[in-house]
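One letter stands for each residue in the lines below.
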Amino acid sequence: MQLYIKGLAEFFQSPLGQRMLASPRVRREWAFNLLMESGAILQGVIDCAFQEDDGWVLVDYKTDRIADEAAFLQRYEGQIGWYARALETITGMPVKEKYLYSLSLGKIFAV
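Quick caveat: nothing in here was measured; it's all calculated off a predicted structure.

### Quick notes on the side chain of Asp60
Then step 1. Here Asp60 is to be found in strand β3 (residues 55-62).
Then step 2. Asp60 gets classed as buried once you look at its relative accessible area, which sits at 4%.
Then step 3. In terms of polar contacts, Asp60 uses its side chain to reach the side chain of Lys62, at 2.8 Å.
Then step 4. Dropping the residues within four chain positions of it, Asp60 is found in contact with Asp47, Gln79, Ile80, Tyr99, Leu100 and Tyr101.

### What to know about helix α2 (residues 15-22)
Then step 1. Where α2 is concerned, the buried positions are Leu16, Gly17 and Met20. Along the axis of α2, the buried positions cluster into a sector of 100 degrees, meaning they face one direction only. Exposed and oriented more than 90 degrees from the buried face of α2 are Pro15, Leu21 and Ala22.
Then step 2. In this fold, the buried residues of α2 make contact with α1 (5-13), β1 (25-35), β2 (41-52), β3, β4 (95-102) and β5 (107-110).

### Some words on the sheet that holds β5
Then step 1. Taken in spatial order, the five strands make up an open sheet running β1-β2-β3-β4-β5, and their pairing is mixed. Sheet topology places β1 and β5 at the edges, where each strand pairs with a single neighbour. For this sheet, the mean inter-axis angle between neighbouring strands, taken without regard to orientation, is 35 degrees.
Then step 2. The sheet contact formed by β1 and β2 spans 10 bridges and is antiparallel. The partner of Phe32 across the bridge, within β2, is Gly44.
Then step 3. Packing against the sheet, α1 makes contact with β1, β3, β4 and β5, and its axis sits at approximately 145 degrees to β4.

Cut-offs used in this document
- Residues numbered from 1 in each chain as written.
- Predicted model: local features only at pLDDT ≥ 70, side-chain atom pairs only at ≥ 80, totals over all residues.
- Heavy atoms only, no water.
- Helix = DSSP H or I, 4+ residues; strand = E, 2+ residues; numbered from the N terminus.
- Buried < 20%, exposed > 50% of the residue type's maximum accessible area, 1.4 Å probe, protein only.
- Polar contact = N/O pair within 3.5 Å; in protein donor to acceptor, adjacent residues only side chain to side chain.
- Contact = heavy atoms within 4.5 Å.
- Arc of directions from axis to C-beta.
- Pairing = 2+ DSSP bridges.
- Axes fitted to C-alpha atoms, helices over the stretch in contact; angles between N-to-C directions.

The following block contains the structure:
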């Protein structure tokens, strides 16, 4: 596994990273199982979620090499949507913001 130390350092210096550091509740590598209405079980691991007064902020870290930012967002939009749904169901609190963070670009994408 490749470490992206520079990218992580840049993230924590960003406004979003600073918000995470100021949060009273941060969950990392949060595994979940969610029973769907269809009877299927959705399983996943939330990279990071942090709580603010009015809800959760969900952050998913990605290591992809990105040539097309629109395709990158489209590829992961569904996944982060399902993770937000699971987080809201499990905690009873809304997810107010969702982000993908590209470690290779050092860039935050609002979803």
